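# Chains, contacts and geometry: an overview
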Amino acid sequence: MLKPLNQEQSRVRAAGLDSRGSRSAPPRRLDKRKKIPVAAPCLAGNEKKYVLDCLNSTWISSSGRYVERFEIEFAKYCGARYATSCCNGTAALHLALLACGIKAGDEVIVPDMTYIASANAVGYCGARPVLIDCVKDTWNIDPSAIERSITSLTRAIIVVHLYGHSCDMGAILALAAANNLFVIEDAAEAIGTQYERRQVGALGDIGIFSFFGNKTITSGEGGAIVTNNKQLWKKARILKNQGMSPSRRYWFPTVGYNYRMTNIQAAIAVAQLERVDWHLAKRRRVANWYYEHLEELSGRIVLPIERPNTRHGFWMFSIRLKSSYRGITRDKLIKLLALDGIETRPVFHPLHSMPPYRSPGSKLLVSSLVGRTGLSLPTHGKMNQEDVRYITACLKRHLGIAAN
Ligand SMILES: *Cc1c(COP(=O)(O)O)cnc(C)c1O
């Protein structure tokens, strides 16, 4: 006999999303009104104190001691000689490319599976992004596919440590050295990620980070560049400050940009960086709970891996549906979870599928597959094990494994 539907099930039914009847009651949230966001900043350190300090001192614009302090401490954290802050991660990418001398007519290797900013910044320089497929286990750029795409116009490789997993830097750095190419690391999603026990971002010629609100540490909007190359650092600093000469005030030898970070943003960033290990440990704990509770689903979904010589930063815990179960595609699963009060997000659409970068003939099969079947589950420092238990129970229910 069918049990009467509760409100939640009726909604799911009414939306035509559930064809399985009421064979098991949905797992209940402890606090029904609470939704679980996919990302949320944690501002429980000195953020408020430092921001108030900016306000009280009136140092609210882009000069101030928090900007300097952040740059020194961020370089140190990344194991890099130099760092410079800027207004967001996309601007950081643009500055990194300009510092490397990328100009109109150049080609830059970019992974097909990434956030749009990685490719857009190449376009800002008048250069052309050449899209490369990803590998199936980490979803990161495939080094063996890079080699085939290098031409006489290629100047640089942008690698993206997607969702917090390091790229195969050994292979990429060797390729770049053999072909005389710059390596620009887009580490926007990968603060704290390690490759062979070293922080990513400082492994190539120049690396960039983002401190957008959903990133592992945030300053609201914000970005940074790290490098061991003094020339690249100097160029980036001049360009972010309207091209002003560092030795002669209001003298502009070159066309630059206003890409500066404010002291208020830097105040938040300093406070976040003070607790970066806490942020990383918390995300790793969330990931471990997911691994624990999703083991039973290993036939239906693919869980993220951590290659042996790397340390995952777990910006996002992202999974992939192996095959559709009873017609439940990735997009349908996202809708079902939304009705459970769980916000998720689809993995990036591969760049080659979007109008500015459309390339119909290209064979970017792995990134297409990942883009179609991948999704990121809520991953942030405000989650507890109850949240993960609830999310994974909902997942199991939708994918045909009875929740207990
Ligand atoms: C977030 C992000 C950026 C851009 O950062 P913004 O600060 O939002 O401009 C660049 N690349 C990747 C891979 C990102 O995830």
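That block above? That's the structure.
### Describing the packing of helix α2 (residues 47-57) against helix α3 (residues 65-78)
Running from N to C, α2 and α3 cross one another at 140 degrees; their axes reach a closest spacing of 11 Å. With respect to each other, α2 and α3 are oriented oblique. Contacts between α2 and α3 involve Y50, D53 and C54 from the former and R65, Y66 and R69 from the latter. For the contact of α2 with α3, the class distribution of residues is 3 nonpolar, no polar and 3 charged.

### A few points about the side chain of H352
Inspection of the secondary structure assignment puts H352 in the loop between β13 (345-346) and α12 (365-373). At 2.6 Å, the side chain of H352 and the side chain of D112 are in polar contact. In this structure, H352 is in contact with D112, L131, Y357, R358, S359, S362, L364, S367 and S368, ignoring residues within four places of it in sequence.

### Some remarks on the sheet that holds strand β3 (residues 128-132)
Strand order in the open sheet made by the 7 strands is β1-β9-β8-β5-β4-β2-β3, with mixed pairing throughout. Of all strands in the sheet, those with a lone pairing partner are β1 (82-86) and β3, marking the two edges. In this sheet, neighbouring strand axes are inclined to one another by 20 degrees on average, regardless of whether the strands run parallel or antiparallel. Here 5 bridges tie strand β4 (residues 154-160) to strand β5 (residues 182-186), and the two strands are oriented parallel to one another. Pairing of V160 across the sheet is with D186, part of β5. Contacting β1, β2 (107-111), β4, β5, β8 (206-210) and β9 (223-227), helix α4 (residues 89-99) runs over the sheet at an angle of about 165 degrees to β8. Along the sheet, helix α5 (residues 117-124) contacts β2, β3, β4 and β5; its crossing angle with β2, the most-contacted strand, is approximately 170 degrees.

### Quick look at α5
Within α5, the full set of buried residues consists of A117, S118, A119, A121 and V122. Residues of α5 that are buried make contact with α4, β2, β3, β4 and β5.

### Some thoughts on a nonpolar patch on the surface
A grouping of L52, L55 and I60 is seen on the molecular surface, where their side chains present a nonpolar patch of about 260 Å² in accessible area. In this fold, I60 is placed in the loop between α2 and α3. Judged by relative accessible area, I60 falls into the partly exposed class, the value being 42%.

### Let's talk about the layout of surface pockets
Once rolled over the atoms, a probe with the size of a water molecule shows which space is left empty. By volume, the largest pocket amounts to about 460 Å³. Along its surface, the largest pocket is lined by 18 residues, and E71, R237, K240, N241 and R260 are the ones closest to its centre. Classifying every residue of the lining of the largest pocket gives 7 nonpolar, 5 polar and 6 charged.

### Things to note about the site of the ligand
In the neighbourhood of the ligand, 14 residues make up the surrounding shell, with T90, D186, E189, S210 and K215 lying closest. Here an oxygen atom of the ligand sits 2.5 Å away from a polar atom, N or O, in the side chain of T90. A distance of 2.7 Å separates an oxygen atom of the ligand from a polar atom in the side chain of S210. Within the complex, 93% of the 380 Å² of free accessible area of the ligand lies under protein. Here the residues of the shell around the ligand sort into 4 nonpolar, 7 polar and 3 charged.

### A word on the sheet that holds strand β14 (residues 374-377)
Taken together, the 4 strands give an open sheet; going across it, the order is β10-β12-β14-β13, and neighbouring strands pair in antiparallel fashion. If you trace the sheet from one side to the other, it starts and ends with β10 (301-302) and β13, each paired once. Strand direction decides the pairing type here: β10 and strand β12 (residues 317-321), joined by 2 bridges, are antiparallel. When the bridges of β12 are listed, V302 appears paired with R320. Sheet strands in contact with helix α10 (residues 276-294) are β10, β12 and β14, and its direction is about 30 degrees off that of β12. With respect to the sheet, helix α11 (residues 330-339) is in contact with β12, β13 and β14, its orientation differing from that of β14 by roughly 25 degrees.

### Describing unusual backbone geometry
Phi at E196 is positive, roughly 45 degrees, even though this residue is not glycine. Positive phi, normally seen in glycine, also occurs at F314, with a value near 45 degrees. With respect to the helices and strands, the residue F314 is situated in the loop between β11 (310-311) and β12.

### Remarks on the pattern of salt bridges
Evaluation of the coordinates by the stated rule reveals 14 salt bridges. As a salt-bridge pair, E71 and K240 come within 3.3 Å of each other at their nearest N and O atoms. Taken together, the residues E71 in helix α3 and K240 in helix α8 (residues 230-240) connect sequence positions 169 residues apart. Classification of K240 by relative accessible area gives buried; the value is 8%. Here D106 makes a salt bridge to K103, at a shortest N to O gap of 3.3 Å. Given a relative accessible area of 46%, K103 falls into the partly exposed group. Sharing partners across several salt bridges, the network here consists of R69, E73 and E274.

### Here's the deal with the packing of α4 against α8
In the contact formed by α4 and α8, the axes pass within 9 Å of each other and the chain directions differ by 125 degrees. As judged from the angle between their axes, α4 and α8 are oblique. Read as a crossing pair, α4 and α8 show a hand that is right-handed. Residues L95, L98 and A99 of α4 pack against L232, K235, A236, L239 and K240 of α8. For the contact of α4 with α8, the per-class residue count stands at 6 nonpolar, no polar and 2 charged.

Scoring rules and cut-offs
Residues numbered from 1 in each chain as written. Predicted model: local features only at pLDDT ≥ 70, side-chain atom pairs only at ≥ 80, totals over all residues. Heavy atoms only, no water. Axes fitted to C-alpha atoms, helices over the stretch in contact; angles between N-to-C directions. Helix = DSSP H or I, 4+ residues; strand = E, 2+ residues; numbered from the N terminus. Parallel < 35°, antiparallel > 145°, perpendicular 65-115°, else oblique. Contact = heavy atoms within 4.5 Å. Nonpolar A, V, L, I, M, F, W, Y, C, P; charged D, E, K, R; others polar. Polar contact = N/O pair within 3.5 Å; in protein donor to acceptor, adjacent residues only side chain to side chain. Pairing = 2+ DSSP bridges. Buried < 20%, exposed > 50% of the residue type's maximum accessible area, 1.4 Å probe, protein only. Patch = residues over 30% accessible without salt bridge, like charges linked within 9 Å, V, L, I, M, F, W, Y side chains within 5 Å. Areas by Shrake-Rupley, 256 points an atom, 1.4 Å probe, with all protein chains shown as cover. Salt bridge = Lys/Arg side-chain N within 4 Å of Asp/Glu carboxyl O. 1 Å grid on protein atoms, 1.4 Å probe; cavity = no way out; pocket = protein on both sides within 12 Å on 5 of 7 lines; lining within 4 Å. Points joined across faces, edges and corners; volume = space filled by probe spheres on them. Near = heavy atom within 4 Å. Left-handed = near helix turned anticlockwise from the far one by under 90°.

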